[in-house]
Amino acid sequence: GAEAAAAYPDDASILRQVASVQRENGNLDRAIETLLAAKAKDPEGANYDGLIASWLVQAKRVEEAREYLQRAIASGSIGGDDAARLLFASAINGPYQAKNWSAAVPALEEALPLAESGPFRAQIRFFAGYSLLQWGIATQDGETAATARRALPLFQRAKDHLASAGAYQEQAANLPNLRSAV
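Caption draft 1: Quick look at the side chain of Thr-147. Relative to the helices and strands, Thr-147 resides in helix 9 (residues 145–163). A polar contact is formed between the side chain of Thr-147 and the backbone oxygen of Gln-140, at a distance of 3.4 Å. Within polar-contact distance, the side chain of Thr-147 engages the backbone nitrogen of Thr-144 at 3.0 Å. If sequence neighbours within four positions are ignored, Thr-147 has contacts with Thr-139, Gln-140, Asp-141 and Gly-142.

Printed below as a string of structure tokens:
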């Protein structure tokens with residue numbers, strides 16, 4: 001990889017390939033540096049920012065990915081739904097699956113404004129609402145007036161999300177009918 005980059009230092013496509021190999025070999029930071037060097041050689045070429053964002057999200061470095069996602073969206077190299085899917089998948093496969101509701105909610109809510117399609121927005125709202133509901137249930141554990149007061153805003157936000165998730169809920173409810181028809 002390094003030999004190819006040294007032999008063809010001005011060839012962005014070689015640098016992209018080297019970056020992919022570096023990433024596969026577990027050196028994400030070096031891969032990002034190489035990809036940024038490729039971008040400097042060919043700024044209008046491949047979707048560098050989107051690729052870097054994807055790599056960072058997959059590595060659970062979502063904070064770092066935000067800047068690249070925003071640039072990729074602004075340049076039109078990645079659509080809002082695609083960016084939202086990266087964040088949504090990260091939230092579902094990370095904190096949601098681990099039932100870490102207080103981490104899942106902000107991650108899901110971060111994906112929401114990026115989503116462009118109504119059905120996908122409804123899906124995100126459903127999972128955010130469910131996560132808020134579970135967070136509220138955990139918060140009111142002990143069932144005292146104080147825990148109920150702390151849980152109430154979570155339940156209210158859950159209600160708002162779930163009320164806006166109708167399209168996803170209807171689609172999910174029809175899934176058994178679709179499966180039996182196929």
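Caption draft 2: Broad picture of the pattern of salt bridges. Inspection of every chain in the model, using the stated rule, returns 9 salt bridges. With its nearest N and O atoms 3.6 Å apart, the salt bridge here joins Arg-71 to Asp-49. Of this pair, Arg-71 sits in helix 5 (residues 62–75) while Asp-49 sits in helix 4 (residues 48–58); the two residues are 22 residues apart in sequence, bridging distant segments of the chain. Of the residues examined, Arg-71 reaches a relative accessible area of 31% and is grouped as partly exposed. What emerges from the salt-bridge pattern is a single network uniting Lys-39, Asp-49, Glu-67 and Arg-71.

Caption draft 3: Broad picture of the environment of Leu-35. With respect to the element layout, Leu-35 can be found in helix 3 (residues 28–41). With relative accessibility at 0%, the residue Leu-35 sits in the buried group. Sequence separation of Leu-35 and Ala-46 is 11 residues, and the distance between their C-alpha atoms is 9.9 Å. Discounting residues that sit within four places of it in the chain, Leu-35 has contacts with Arg-16, Ala-19, Tyr-48, Leu-51, Ile-52 and Trp-55.

Caption draft 4: Expanded view of the packing of aromatic side chains. What the rule picks out here adds up to 7 aromatic pairs. On the basis of an interplanar angle of 50° and a centroid distance of 6.2 Å, the ring pair of Tyr-96 and Tyr-130 is categorised as tilted. With a gap of 34 residues between them, Tyr-96 in helix 6 (residues 80–96) and Tyr-130 in helix 8 (residues 118–139) connect regions that are remote in the sequence. For the ring pair Trp-101 and Tyr-130, a centre distance of 5.8 Å and an interplane angle of 85° mean the geometry is edge-to-face. Of this pair, Trp-101 sits in helix 7 (residues 101–111) while Tyr-130 sits in helix 8, and the two are 29 residues apart along the sequence. In textbook terms, an aromatic cluster arises when at least three aromatic residues are bridged by ring pairs, as seen for Phe-88, Tyr-96, Trp-101, Phe-120, Phe-126, Phe-127 and Tyr-130. The aromatic ring of Phe-120 is capped on one face by Arg-85, whose charged end is 4.5 Å from the ring centroid.

What counts as what
Counting from 1, residues in each chain are numbered in the order their sequence is written. Local features in this predicted model are restricted to residues whose pLDDT is 70 or higher, and side-chain atom pairs enter the listing and the counts only when it is 80 or higher, whereas totals over whole chains, interfaces and linings include all residues. Side-chain descriptors were evaluated using all non-hydrogen atoms of the structure, hydrogens and water having been removed beforehand. Every helix listed is a DSSP run of H or I at least four residues long, and every strand listed is a run of E at least two residues long, numbered separately from the N terminus. Residues adjacent in sequence count toward polar contacts only when both atoms are side-chain atoms; beyond that, a polar contact is any pair of N or O atoms within 3.5 Å, and within protein one must be able to donate a hydrogen and the other to accept it. Whether two residues are in contact is decided by their heavy atoms: any pair within 4.5 Å suffices. Just to be clear on terms, a salt bridge is a Lys or Arg side-chain nitrogen sitting within 4 Å of an Asp or Glu carboxyl oxygen. Each residue is assigned to one of three classes by its accessible area relative to the maximum for its type, calculated with a 1.4 Å probe on protein chains only: buried under 20%, partly exposed between the two thresholds, exposed over 50%. Here a pair means two rings of Phe, Tyr or Trp (six-membered ring of Trp) with centres within 6.5 Å. Their orientation is stacked below 30 degrees between planes, edge-to-face above 60, and tilted elsewhere. When the NZ atom of lysine or the CZ atom of arginine is within 6 Å of a ring's centre and also within 35 degrees of its normal, the charge is said to sit over that ring.

These figures capture arrangement, not role.
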